[in-house]
Amino acid sequence: MKPPQTSSAHVLIFPCPAQGHVNSMLNLAQLLALRHLHVTFLNTEHTHNRLTRFADIESLLARYPTLRFKTIPDGLPEEHPRSGERAAEPLLSLKVHGKPLLRDILVKEKVTCLVADGLFAKLANDMAEEVGVASIHFRTIGASSFWTYFWAPYLFQSNELPVTGEEDMDCVITSIPGMENLLRCRDLPSFFRPNRDTGKPHVHFETVVSETQQSLRASAVILNTFDDLEAPALSHIRRHFPTIFTVGPLHQHRESRAPTSITTSNNSMWEEDMSCMEWLDSQPFRSVIYVSFGSLTTMTKESLMEFWYGLVNSKRRFLWAVRSDMIAAGEGKEDRVPAELVEGTKERGLMVGWVPQVEVLAHKSVGAFMTHCGWNSTIESVVAGVPMVCWPYFADQQVNSRLVSDSWKVGLDMKDVCDRNVVENMVNDVMLNRKEEFLQSAEKLAILARKSVSESGSSYDNLDRLIEFIESISQ
Ligand code: UDP
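Residues numbered from 1 in each chain as written. Predicted model: local features only at pLDDT ≥ 70, side-chain atom pairs only at ≥ 80, totals over all residues.

A. Fine view of the overall build of the protein chain. Along its length, the protein chain carries 18 helices and 13 strands. Relative to a compact globule of 475 residues, whose C-alpha radius of gyration would be 23 Å, the protein chain shows 22 Å and is just as compact. Across its three principal directions, the C-alpha atoms of the protein chain cover 60 × 55 × 45 Å. The proportion of buried residues among the 475 residues of the protein chain is 50%. In the protein chain, of all internal contacts separated by at least 6 residues, the share reaching a separation of at least 24 is 71%. (Helix = DSSP H or I, 4+ residues; strand = E, 2+ residues; numbered from the N terminus. Rg over C-alpha atoms; globule rule 2.2 N^0.38 Å. Buried ≥ 20, exposed ≤ 12 C-beta atoms within 10 Å, placed from the backbone. Contact = placed C-beta atoms within 7 Å.)

Here it is, written out as structure tokens:
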């Protein structure tokens, strides 16, 4: 048998050190390695230590001979908090400390193409330019959020920004091309809201907007979305960014590309509690609402109690993934999820630390997903055809939850409200009262998602085009 042809391209993939970013960029790494490109995946030491502990890195390496990992320090002590309010700190630290390390790797490893997280856009452009390699940006957010970030300066010109106070929050934003009248002020990314105490712009506003503009300097931009899902925003993005590759949902490609050799890989930075799968097996069809707020959200104990009471009062079954660090730090031992909640849930619910989410969403017992609308969670739910109840926490999640409720109509948006009665009512609307309506829309979207990564689908073809593009700029 002829050995597979190895490519001359050497791609360095550099994600922001957070679960959602690592997940989607590792999925891309596997797809490139599957096509025999040399891929080096650059993690921070902290992220890699967690992956080595909880994910299946060894079998990943065994499966893809041209994939390997490298690590650099993020410049923070190991025990430094990296979620909630502190979620951006590893990224900010890397932007300062990572420069010489990245330059060194690009040169020594003879990298031909850098695929960097768009949150590192300027760093990636500067380093790639300095060493003379191409820089491609991977945005792990949806196209509509990317477009909203890009359009922020024009929102000032049309006097739709700044948000001056609570009274503005329900004003409709009319001037984002392709997304006219979809978003209210409260649906703009959370970084567009001023600081509540000082009235000054959010500390991250300038950075997220300028990093997005930096993508105009990139050789190409990759988005983990598909054309049918975000057509209006994409049609406008393509006028400004001519080389865009919409290749999502990335986690779904693998089955259609190589059905026998590839299974869903576990990329988790927390230990997956597999007992939830057995529990789901014993529940009736579509009877369970799965609840998770992702890897970075933190909340007060009061908010946690509102969700808990809402879920219990709804009388629906629920599976809730509550990370050990989810209650906002600062309350000492009280940070833990109270044992009596976990105990008191047993009749109809199960609370665990971390679940294999893609498998959970695909389980026949799951009827809805209560989510913070991180982009990965959103697109995973879309693929699984599972309606959502949204409680966005920060960043692009505010936009995503609006798409869910008002554009795709596959769920309800609880935005800015955390109240047990609202939780109870929305859970019952999605699981019972309006169940058929949401399920039908969700199933339609899921069909489009699967079509996009099937042979001749838009994302399937775009992945081929991306690989050709990388090969061509790596000559
Ligand atoms: N996830 C998981 N198990 C959990 C909770 C989350 O595997 O119990 C995964 C989920 O499938 C998704 C990622 O963690 O791929 C979270 O990314 P997302 O963009 O949704 O949110 P973030 O964590 O970045 O806020």
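B. Here's a closer look at the site of the ligand. By nearness alone, 19 residues border the ligand, and Gly20, Gly294, Gln357, Gly374 and Ser377 come closest of all. Listed by contribution, the elements that provide at least two residues to the shell around the ligand are α1 (19-34), α13 (357-362) and α14 (375-384). It is α14 that contributes the most residues to the shell around the ligand, four residues altogether. In terms of residue class, the shell around the ligand is built from seven nonpolar, eleven polar and one charged. (Near = placed C-beta within 6 Å. Nonpolar A, V, L, I, M, F, W, Y, C, P; charged D, E, K, R; others polar.)

C. Looking closely at the nonpolar core. Of all hydrophobic cores here, the largest spans 143 residues; its most connected members are Val11, Ile13, Ala29, Cys113, Leu114, Leu319 and Val389. Apart from residues lying up to four places away in sequence, leucine 114 is in contact with Leu12, Phe14, Leu106, Ala124, Ala128, Val133, Ser135 and Ile136. (Core = buried A, V, L, I, M, F, W, Y, C linked by C-beta atoms within 7 Å.)

D. Examining the sheet that holds strand β1 (residues 10-14) more closely. With respect to topology, seven strands assemble into an open sheet ordered β3-β2-β1-β4-β5-β6-β7, the strand pairing being parallel. Pairing within the sheet leaves two strands with one partner each, and these edge strands are β3 (67-72) and β7 (244-246). Taking each pair of neighbouring strands and ignoring which way they run, the sheet shows an average axis angle of 20°. Bridge count between β1 and strand β4 (residues 113-117): four bridges; the pairing is parallel. Its bridge partner being in β4, leucine 12 is matched across the sheet by leucine 114. (Pairing = 2+ DSSP bridges. Axes fitted to C-alpha atoms, helices over the stretch in contact; angles between N-to-C directions.)

E. Spotlight on the environment of histidine 204. Tracing the sequence through the fold places histidine 204 in the loop between α6 (143-157) and α7 (205-214). Placed 227 residues apart in sequence, histidine 204 and methionine 431 show a C-alpha to C-alpha distance of 37 Å. Ignoring anything within four residues of it in the chain, the contact list for histidine 204 reads Ala88 and Phe191.

F. Representation of the pairing of strand β9 (residues 317-321) within the structure. Of all five residues in β9, five are buried, a share of seventy percent or more. Along β9, one buried face is formed by Arg317, Leu319 and Ala321 and the opposite face, lined by Phe318 and Trp320, is buried too. The β-α-β motif built from strand β8 (residues 288-292), the intervening helix α11 (residues 301-314) and the parallel element β9 has right-handed crossover chirality. (Right-handed = clockwise from strand over helix to strand, strands pointing away.)

G. Expanded view of the environment of leucine 42. Take leucine 42: it is sitting in strand β2 (residues 38-44). Placed 382 residues apart in sequence, leucine 42 and glutamate 424 show a C-alpha to C-alpha distance of 43 Å. Every residue in contact with leucine 42, bar those within four places of it in the chain, is listed here: Leu12, Ile13, Phe14, Lys70, Ile72 and Ile105.

H. Inspection of helix α16 (residues 420-433) at higher detail. The complete set of buried residues in α16 reads Val423, Met426, Val427, Val430 and Met431. Projected down its long axis, α16 carries its buried residues within an arc of 115°, all on one side. Of the exposed residues in α16, those oriented more than 90 degrees away from the buried face are Asn421 and Asn433. Buried positions along α16 lie against β8, α11, β11 (366-371), β12 (388-390), β13 (411-413) and α17 (435-452). (Arc of directions from axis to C-beta.)

I. The arrangement of unusual backbone geometry in detail. In this structure, the amide linkage connecting leucine 161 to the following residue, proline 162, adopts the cis form with an omega of 5°. Note on placement: proline 162 falls in the loop between α6 and α7. A positive phi is found at alanine 395, a non-glycine position, where the angle reads about 55°. Take alanine 395: it is sitting in the loop between β12 and α15 (397-407). By C-beta crowding, alanine 395 is classed as buried, having 22 other C-beta atoms within 10 Å.

Keep in mind these numbers describe shape, not what the thing actually does.
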